[in-house]
Every structure is written in C-alpha cells, then in structure tokens.
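# Observations on chain architecture
The residues making up each chain are set out below.
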Protein chains: 2
Amino acid sequence: MQDRPLTINAILRHGTKVYAGSEVVTWTGESARRATFAETSARAEKLAAALRRLGIREGDRVGTFAWNNQEHLEAYLAVPASGAVLHTLNIRLFPEQLTYVVNHAEDRVVIVDASLVSLLARVAKDLRTVEHFIVVGESEAASGLGNSVLRYEDLLAAEAPGFAWPELDERAAAAMCYTSGTTGNPKGVVYSHRSTYLHAVGLCMANSFGFTEHDRTLAVVPMFHANAWGMPYAAWFTGASLLLPDRFLQAERLARFIETERPTISGAVPTVWNELLRYSETHEVDLSSLRIVVCGGAAVPPTLMRRYEERHGLRIIQAWGMTETSPLGAIAHPPHGIQPDEEMSYRTKSGRVAAGIEARIMDGERELPWDGAAVGEIEVRGAWVAGGYYGDDAPEKFHDGWLRTGDIGTLDAKGFIQLTDRSKDVIKSGGEWISSVELENELMAHAAVLEAAVISVPDERWDERPLACVVLREGAGATHEELREFLSIRVAKWWVPERWAFVAEIPKTSVGKFDKKVLRARRESGELGTIHETAPPPPPKR
Amino acid sequence: MQDRPLTINAILRHGTKVYAGSEVVTWTGESARRATFAETSARAEKLAAALRRLGIREGDRVGTFAWNNQEHLEAYLAVPASGAVLHTLNIRLFPEQLTYVVNHAEDRVVIVDASLVSLLARVAKDLRTVEHFIVVGESEAASGLGNSVLRYEDLLAAEAPGFAWPELDERAAAAMCYTSGTTGNPKGVVYSHRSTYLHAVGLCMANSFGFTEHDRTLAVVPMFHANAWGMPYAAWFTGASLLLPDRFLQAERLARFIETERPTISGAVPTVWNELLRYSETHEVDLSSLRIVVCGGAAVPPTLMRRYEERHGLRIIQAWGMTETSPLGAIAHPPHGIQPDEEMSYRTKSGRVAAGIEARIMDGERELPWDGAAVGEIEVRGAWVAGGYYGDDAPEKFHDGWLRTGDIGTLDAKGFIQLTDRSKDVIKSGGEWISSVELENELMAHAAVLEAAVISVPDERWDERPLACVVLREGAGATHEELREFLSIRVAKWWVPERWAFVAEIPKTSVGKFDKKVLRARRESGELGTIHETAPPPPPKR
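Residues numbered from 1 in each chain as written. Chains lettered and ligands numbered in written order. Predicted model: local features only at pLDDT ≥ 70, side-chain atom pairs only at ≥ 80, totals over all residues. Heavy atoms only, no water.

Turning to the overall build of chain A, a few remarks are in order. Summing up its helical and strand segments, chain A has 15 helices and 28 strands in all. The C-alpha radius of gyration of chain A comes to 23 Å, within 12% of the 24 Å expected for a compact globule of 542 residues. The dimensions of chain A, computed from C-alpha atoms along their principal axes, are 75 × 50 × 50 Å. Within chain A, the fraction of its 542 residues that count as buried is 63%. (Helix = DSSP H or I, 4+ residues; strand = E, 2+ residues; numbered from the N terminus. Rg over C-alpha atoms; globule rule 2.2 N^0.38 Å. Buried < 20%, exposed > 50% of the residue type's maximum accessible area, 1.4 Å probe, protein only.)

Take a look at the structure:
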C-alpha cells in the first residue's frame, strides 16, 4: 500500500478541490460575512506565505487568541499545513495562566482578534518568546501589545497567490491545547497530524456526528477549546459549511444566527444550550433546521434534553471527551433494538465508546466488568488520545499505555459510559460512593432550580458528605427542606444532602464547566454564605 | 499522542465488545443460520488457535476458497488478527490462474467450502506450498484434495476458548487479493492492517456507505473480490449486522433472502442488480428495507438506476474503485445545492472522489483541469491505494507515486469522475475518442437490448471504429438498422457504429465484468458470427 501520510494537508486539499463551493459564514451580530472553501483556502495559502516570510519554520508554535471566525479557520488550515504548530489560546485563562502557556509553548507569533487585543495587552510584556502580534481587524489598542504589531490583512495582501505546502510526517505536531488541571500549571496536549486526521474522520462516521456536504455546522464550542471538538476539520473534509458565531454567543444573537443561517448540526457545552432554552421560553426561536445537537464538556442534565425535545422537537445527543482525547471519546446515540421508552435511559448516559477509542474501567489494577454497575475509573487509549504532555510525561496520568481520565463511572454491556463523578469531585460517604452528578441532575429537574452543584465536605462520622449549592430561577422560591423532600423519593435516602447553600451563581471554569474547586475554596473561606444544616442521614444500606 | 496501531485487531475488539449482540446471518437457500458478533468472535479465537497449532505464524498466507458466509467471516477476522495474511481466492479463476496465485502467494493452508471442494480438487496436486486443506461443512469429495484434509468444526472443537491476539504493526500485511490483468499473470495486491482499517472507516463515513448499528448489510459482492468492498470490516466496526448469501446468488434465492432478513444496505455488481430487476418484473419482490444500494465494479447503466427507482423506489448509488484501491475510490452521492432534475446527471457519473483518496487526470505528463470535459487517464493516491504488487513493483502502473488506474475519463469541478473507457478499451477514431461505455449505456436503454458491449476494431480510414455486440432480450427483436437509428439521435453521428454483431451473451470476467478481451479475440477468430456492416460514418466534427 502507498505510504500516504494522514495529515491536515490531505484534509485541506480534499475540501478545497472537491467542495470548493461550500461556505464559511462568520456572524457579525446582525448579518454574516461569507467566503467559499476555495476563497478561504486561497487566503490560508497567503497566511502560510506570510508566516514563512516572518521566519516561521516547521515545528514553530503560532498562537491564536481569537473567537470562532473565518480568520481563525484560516489559521487552523495554514499553520499546521505549513508545518508549524497551531497553539489555540484560551481567551478565558487568568493572566498568569495565559502568560505561562505562551511562554511554555514558546509561541513565536500570536494572531489576535481586534476585540481581544486589550485582554492580551495586559500580559503582552511578559510573553518572552513572542516576536510578532498579528491583529485581525482594527484595534486602537494595538500599540499596547508592544513593538511588532502587524495587521493580518496587510500581511495577506502582500503575498502572491499560491503556497507550496510541504509534505509532512503524519506524526509531526499539528496543534496544541493546554488543559487547566486542578493542581499545578496547565498541561499542554500536542495533537499530531495523524491524530487530528483520524479524529476528524471519526466525527464524519455516520454513528458519530456524521458530517456531509448537506450539513451546515454551527461551531459554538470555542476553537480555542480542544479544536472546537475537531468540527472545523471534519466539516472541511466533507464539505459541510461552517457557521462561526464570532463573539456573538449571547442567546439572543445566537438564536438570530441560527434562524438566519439554518445550521443542521451544532456542538456546545450544556450552559450554552441552557441559556438558549431559557431565551426560547420568552421569545420565538426557530431551531427546526438542526438535525443533531451535540452537547458535551460537562454532564448534560436530562431535564435539558427533555425540555428541548418537548419545546423544539430537538434531540440533544450527549458526548463525552476531554482535551486529552481530541476530544471525542464517546457519543450517546441510542443503541439498536431497544424500545422507544428505553431511549432516554441510554441518551442520558455520558456516551457510547466511539470507534477508534478503547475504554476500560479500573479499580486500581483490577479491570471491572462492563455491567453498568461496577464503579471505577475510566481509562482510554487510541490513536487520538494523548500519551503525555508537552515537556511533561506526567506518568501519574497514564497506566500501562492507557490514559487515566480522572472520570469515575460505569461501563455497560453495550459500551455506554456513565460517569458519576470526576475522581477529584467524588464523595465517599461511609465507605460508599455518592454521585454528585446524579444529585445535580435530579436537583436541576426541580422547577425552581436553575443550576445546582454538589461538592464533598468533610464529615466527622461519615468522612465525607455532600453539600448542595443551588441557584434558584429568577422569581422562584424553594427551601432546602422542600428540595430535600424532592430528592428523597428520587435517590437513596442516605444520599440526600443535609447541607445546603443558596448561591447567586455556580462558578465556571474557562471552558464553561462547574468549577467545584472554586466552590470548595469558597466553602472553606466562608464565602458560600449561610449553610443550612439538617439532621444527619441514616447509615447507607449495604 | 499515543502510538496506537490501526489494525484489524482494533476493529475486531471494538465490534466484539461494543456490538456483541449484532448478528451474522448466513443464508441456506430457504432459511438462515445466525450467530451474534460475540459468538462469531469466540469462534474466530478458536480458528486462530487452530491455525497457530497447525504451525501458521505471523506473515504466513492462509487461503480461502469460499462463498460469503459466517466461516469466511471468521477467517476474515482470525487470519489477519493473528498476524497471518488472508488470501481470498477467486473461485471463478481458470484452473491455471488459480494454481498460479496459490503458488505465487505460497499459501500454507487453504480453507475451502464443502460445496467448492471438487472445484479446488482439480488443481490440488499442483498447489506446491499448501500443507493443509480445511473443509467447512461435509464433502464426500474431500479426499480428492490429497492427504492433509482437516475438518473446520473438528479443529475449532479441539480448542479452548480465548486466544491471545498479538499486537501487530499497522503496516504488516493483513490480506491479499490477486487481480487478473489483461496481459500476463495475475498480480497480487497486498492490503496492510493500516489500509484495511482506514478503508473501513472510509466506508463508515456518512457521505460514503455510512454504516451504523441500525444497518443490516447484505454483502452480495463476493468476499473473494476486493474483500467484499471492505463491507465486512466496516459493518463489524459499527455493529451493522451482516447478511451473507452463501452460494445462493440466483435472483429468486436472493429475493427471498432480502424479504426475510430485510437488509438496509447492500453492494453488488450491476449484473446482480440487473438479474434481480428482471426477476422482479415477473415476481413480487419486496425490496423496501433497503436504504442504500451501492453498485460498482462496472459502469452502471442509467436505465438500470431508473428502473429500480420507478419500480421499487430504490436509489442505486454508483461507486468506482478497483482491487488496487481496496476498492473504494469514488461514490456518486448527488452533491449539495442542485435541483432535483439535475440529480441523475450526477448519479450516473462514476463517483465523487472519496475522502481519503486523491485523484488527478493526466494526459501523459500534463495534469488536466477538473472541468468535466478534458479526457485523460485517472490517477489516484491514498493510504488505501496499492503502491506495488506482491513480488512485482510494476513501475508501469505507477506515476510519481500515483496509481495509473487504466481508466479514461473526466473529472468535474465537484470532484465527480466520469469514466469513458478502460485505457485498453479506448476507441480512438480519426484522432478523436469515442466512449464505449456511453454507447453501451445508450444501447442498454433500448427496450429490446439486454446487454451491449462495444469494442474497438481496426479501420483503414479512421484507425479504429466501434463494433457493437448486442444481446437481445428474450422474445424481443431489433435490427442493427433500428439500433443505429436509436443511437443516432442520442450520440454524435460519427460515434454510431457501422459494425454490429448479435450474440447470445457478453463474456464476463471472473468478477462479472464485460470481458472485452475475449470479445476482441472472438472477433479476430471469427467466432462472433455475422457482423453486419453499413456505410462508413461522416468525419468527426472538430
């Protein structure tokens, strides 16, 4: 067989040639700007030529600090296909984290959206390796970035059409993304061309996202977060048009974008879908163009799925993964051969192991059965799973070649993963595990509850006990006693928390997940406010 | 990223674990025998153990001489996953070709269906490297194979459950298939684990065959022919049940199988669909379960597509490929954004270049534009395209790393290939090309014509001219003058053949394609019968 490398270059060539007429649509809040794949590809060629002229060579890191838009996509194509490494910077990182990751990756260039220049300028002087900032759009604050500030459009305008894309090794680095761990500094995951290619093809499989040319892909999940779940590459490979919301992520703007551009497929974290749902409760929103809405990055509350189905006839499909898994690890399409009333019990699981990923469930060194009952840590391996971090082998994260996901849960006979907790969020009470995720899902099914997060607190008698942090809906009222009663008929009696805090918001991480680390810190420092306590629970039944 | 190999072992593990309950159904002519993926996998383990016990080691060749059935599938899994090489023998080869390929590949074992024992026995004594014949089922003729004849079920029964599958290099050989060239001996294509894996995933893409667990896959195309188009592996990877017709390929038996087992997806050469259509014209046949019917291996007559659509509401999707391309090269799903009445003009093309395959169109050293007009040889490359043959680099078949397909045609702006001829079948008349395929398609649209093949004959004035060989439908009559008139309003005047032969059948190759080599030989030896001649044509318009 021919020794053809699996590279982003192959994806770029295929989309450019075969799907020249497919569209890249960037939302401007009220209207859209458009380019065909052929036009976008021609601009990517110029970007590659401009970076080459700036001295960027194979293996050099090029950062992006940007929203989801056409120029970011051009960087997605040009940087890796020219042999450099695309380093997508999370715009929501704290300044010290941002400084750390740019310096750690040794980014030589950062491409920055005009609207984000001020944010980046705060740390610009600390970015030791950055030689040039390339600003996309007009920004009066650009001088704040330092001396070498270049304009994106000027650079492209100076280049002749065409670029001789190199032939790359499929194992060469293509992109990197830092994941903010719970302890210590962020860790960099380095995606290879091979892993990115295989992951994109994985998304194109009919039992996954199933991209085709007939699709219009609304990528809400940020391009700075695990490569927007790989959707840009999968869409490009199959000619699915790309709809990019830029910075207009508020429910109203997003709803308008959806109505105007009629996406068929979309991916976002639960928070985004939750906000869109709330908006649709008071405004007319037409979501009928969507055929598949993938939701991941955090457990999807079943009530969210039910409400979308009731109100919009829209099926949310849950997926599971992490930065280290590119991110697709599992996707919860209901299996074949079940009754319609069983579907929801599968769709509310975290996902079914994707083709290309292997999973196992471990209790220390012991592999547990796929019986839907045995609880252990999920470990995965596969050609698009990280085997280490940039400059850090992190042996504690790996186990005989398998990635320790840090997710605790079960696997059933059909390969469905059900997560019950992050290993760091686990509540072990009287020697038994309590699932914070299940408690949160049940609580969020209560009409008065907008959001709920359950954390572990130390307990003299039971070692650990759950504390429920609840955000009530505007205008709604519910006491902790009511909520306890609500839970008591839904979960085991000894799971029901006796400690309750009503808070204004659940803190979120830079990628929109509940930040339980912050919640735990707030509890310790007394910042959570009044904590209602009731009688201790009965002992767990063994 | 983890260095996980892309192997059939990974496919085997995934299907076995995640889709344990999917089915393998083998037709027995009247009813079906069934096994789950879990059961089939357990038997594959025993087969691997038995082969190991017989002394088969990594890299050794194991032949199969078999229909499409469960045991053949077991060999598809066990042989490559154990590190040996599956050599699928074409049961329709002439004895001397069969002998040649077994000896050339140095098969150490051949697994043979009881119903095919007599066919194999004719050459058994000439198979120099075969140490054991393993007979599937009961055959009284088995002793004709020689001394070491083993029974498949006995071998499996002797093994304990479980087999320690090795970790294989993804570039190791997994399977081989000989392609009978037009000249010289057959040439062996060696598929690697990597190419087989990537090809299977290619078939699972939503814009390709799009296998999912909800599918039931009727693999009519023989498992001895380009790995049944890779469908067994794609189906296994996604949990799509496999329906295997064994030797019951006659239209009536096949129709019964379809009605009973309700496939959703199927692949076969045009001849099979043609016979099934004819059968359905006089019998009630329910084909409503099929969602996609892929047809390839030879140009699909548009009339065949139209008649299926009219009579059965069934869409035939044309695909193009060859043994050297694993075989998926292109598939003719209609593109996005066209009018319904334009669909047929795309669906009748040979196919749109598949993701994972790159194509170009060459006139010698000059690359021609993708304009749907420029005619040249199609060249392809990709990770599942052959880069040589077993024991034969065949440099004449390659061009700067691209495979010369030997197919002549055009490529359009959307990546659709339209073949006009095999390079060896090309008719160049007065310096201009005449497409034999187009003439054949037009002729087969005539109500009286069952099959038509057009070959080139030498001509004093025009160098070459077309000769039409026509098989009339039973009871139908048409003169060559009528057919000339029929053609004259459908193709350029100078394309209309002035030489006509009415024959009882068009000879077919071992894989069911029109064998024009035989037709040309018959013409030269005068075996075609009367050749009707009319006046020479007008000169081509330039």
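Here we come to the sheet that holds strand β3 (residues 61-65) of chain B. Residues and elements named next belong to chain B. Spatially, β7-β6-β5-β3-β4-β8-β9 is the arrangement adopted by the seven strands of the open sheet, whose pairing is mixed. Either end of the sheet is taken by a strand with one partner, and the two such strands are β7 (149-151) and β9 (187-192). Along the sheet, successive strands turn relative to each other by an average axial angle of 25°, direction set aside. Pairing geometry for strand β5 (residues 107-113) and strand β6 (residues 132-136), over five bridges, is parallel. Within β6, the position partnered with Val112 by the bridge is Val135. Strands in contact with helix α3 (residues 70-81) are β3, β4 (85-88), β5, β6 and β8 (173-179); relative to β4, the strand with the most contacts, it is inclined by about 145°. (Pairing = 2+ DSSP bridges. Axes fitted to C-alpha atoms, helices over the stretch in contact; angles between N-to-C directions. Contact = heavy atoms within 4.5 Å.)

This part takes up the relation of the copies chain A and chain B. Here chain A sits on chain B after a turn of 180° about the axis and a move of 0.0 Å along it, with an RMSD of 0.1 Å. What the superposition gives is, in effect, a two-fold axis relating one chain to the other. Comparing interface residues between copies, 100% of those in chain A also sit at the interface in chain B, which points to an isologous, same-surface contact. (Least-squares fit on C-alpha atoms with pLDDT ≥ 70 in both.)

Now for the packing of helix α1 (residues 8-18) of chain A against helix α7 (residues 193-204) of chain A. Think of two packed helices as two axes; the pair is described by the angle between the axes and how far apart they sit. Residues and elements named next belong to chain A. Close contact between α1 and α7 brings their axes to 8 Å; oriented N to C, the two are set at 45°. Overall, the two elements α1 and α7 adopt an arrangement that is oblique. Each of Ile8, Asn9, Ala10 and Ile11 in α1 lies in contact with α7, whose residues at this interface are His193, Thr196, Tyr197 and Ala200. Counted by class, the contact of α1 with α7 contains five nonpolar, three polar and no charged residues. (Parallel < 35°, antiparallel > 145°, perpendicular 65-115°, else oblique. Nonpolar A, V, L, I, M, F, W, Y, C, P; charged D, E, K, R; others polar.)

All names here are of chain A. The final tally for this structure, using the stated rule, is 84 salt bridges over all chains. When the shortest N-O distance is used, the salt bridge between Asp60 and Arg108 registers 2.6 Å. Residue Asp60 is located in the loop between α2 (37-53) and β3 (61-65), and its partner Arg108 is located in strand β5 (residues 107-113); the two are separated by 48 residues in the primary sequence. (Salt bridge = Lys/Arg side-chain N within 4 Å of Asp/Glu carboxyl O.)

With respect to the helices, strands and loops of the structure, Tyr197 of chain A is situated in helix α7. For Tyr197 of chain A, a relative accessible area of 7% corresponds to the buried category. Note: C-alpha distance between Tyr197 of chain A and Val112 of chain A (85 residues apart in sequence) is 26 Å. With residues up to four places along the chain from it excluded, the contact list for Tyr197 of chain A reads Leu6, Thr7, Ala10, Ile11 and Phe237 of chain A together with Gly356 of chain B.

Turning next to unusual backbone geometry. For residues that are not glycine, phi is negative in most cases, and the peptide bond is trans in most cases. Residues and elements named next belong to chain A. Here the amide bond leading from Ser326 into Pro327 is cis, since omega sits at 10°, within 30 degrees of zero. Examined against the element boundaries, Pro327 turns out to sit in the loop between β14 (316-321) and β15 (328-331). Positioned with a positive phi, Ser326 is a non-glycine residue whose angle comes to about 80°. A positive phi angle, near 55°, is found at Asp400, a position not held by glycine. As for its position among the elements, Asp400 is in the loop between β20 (398-399) and β21 (402-411).

On to the side chain of Ser429 of chain B. Residues and elements named next belong to chain B. One can find Ser429 in strand β23 (residues 427-429). Using a relative accessible area of 1% as the deciding quantity, one classes Ser429 as buried. A distance of 2.8 Å separates the side chain of Ser429 from the backbone oxygen of Glu464, its partner in a polar contact. Within the structure, the side chain of Ser429 is placed 3.2 Å from the side chain of Arg465, a separation counted as a polar contact. (Polar contact = N/O pair within 3.5 Å; in protein donor to acceptor, adjacent residues only side chain to side chain.)

Residue and element names in this part refer to chain B. Pairing of strand β26 (residues 463-472) with strand β27 (residues 499-502) involves four bridges; the strand directions are parallel. Paired with Ala468 across the bridge in β27 is Trp500. A crossover connection joins β26 to the parallel β27 through helix α14 (residues 480-488); in handedness this β-α-β unit is right-handed. Where β27 and strand β28 (residues 532-533) come together, two bridges link them in antiparallel fashion. Looking at β28, one finds that Trp500 is bridged to His532. (Right-handed = clockwise from strand over helix to strand, strands pointing away.)

With that settled, the discussion passes to the state of the cysteines. All told, the structure shown has zero disulfides over all chains when counted by the stated rule. Left without a disulfide partner, Cys204 of chain B is nearest to the cysteine sulfur of Cys204 of chain A, which lies 12 Å away. A relative accessible area of 0% means that Cys204 of chain B is categorised as buried. Of the cysteine sulfurs around Cys295 of chain B, a residue in no disulfide, the closest is that of Cys177 of chain B, at 19 Å. (Disulfide = S-S within 2.5 Å.)

Moving on to the interface of chain A and chain B. Facing 60 residues of chain A, the contacting portion of chain B comprises 60 residues. Note on chain A versus chain B: buried area summed over both sides is about 4,400 Å², and carbon and sulfur give 52% of it. Seen at the junction of chain A and chain B, the total is ten salt bridges. Counting across the chain A and chain B interface gives 26 residue pairs in polar contact (both at pLDDT 80 or more). Put simply, the parts of the chain that give the side of chain A that touches chain B at least two residues each are α1, β9 (187-192), α7, α8 (231-238), β16 (351-353), β17 (357-363), β19 (376-382) and β21 of chain A. With six residues, α7 of chain A is the single largest residue contributor to the side of chain A that touches chain B. Residue composition of the side of chain A that touches chain B, by class: 32 nonpolar, 16 polar and twelve charged. (Buried area = accessible area lost by both parts, 1.4 Å probe.)

It is worth spelling out the confidence of the model for chain A at this point. Chain-level pLDDT for chain A is 93 on average; 98% of the residues reach the 70-or-more range. Scoring of the predicted complex yields 0.89 for pTM and 0.89 for ipTM. (pLDDT = per-residue confidence, 0-100.)

Moving on: the packing of helix α2 (residues 37-53) of chain B against α3 of chain B. All names here are of chain B. Two numbers describe how α2 lies on α3: the axes approach to 8 Å, and their chain directions differ by 65°. Seen from above, α2 lies across α3 with right-handed handedness. From α2, Thr40, Arg43, Ala44, Leu47, Ala48 and Leu51 reach across to α3, where they touch Gln70, Glu71, Leu73, Glu74, Ala75, Leu77, Ala78 and Val79. Looking at side-chain class alone, the contact of α2 with α3 contains nine nonpolar, two polar and three charged residues. (Left-handed = near helix turned anticlockwise from the far one by under 90°.)

Okay, the packing of aromatic side chains next. Evaluation of the coordinates by the stated rule reveals 20 aromatic pairs over all chains. Note on Tyr346 of chain A and Phe416 of chain A: the rings are 5.0 Å apart at their centroids and 55° apart in plane angle, and the pair reads as tilted. Of this pair, Tyr346 of chain A sits in helix α12 (residues 343-347) while Phe416 of chain A sits in strand β22 (residues 416-422), and the two are 70 residues apart along the sequence. A relative accessible area of 0% means that Phe416 of chain A is categorised as buried. Against the face of Trp370 of chain B rests Lys17 of chain A, its NZ or CZ located 4.2 Å from the ring centre. (Phe/Tyr/Trp six-rings, centres within 6.5 Å; stacked < 30°, edge-to-face > 60°. Lys NZ or Arg CZ within 6 Å of the ring centre and 35° of its normal.)

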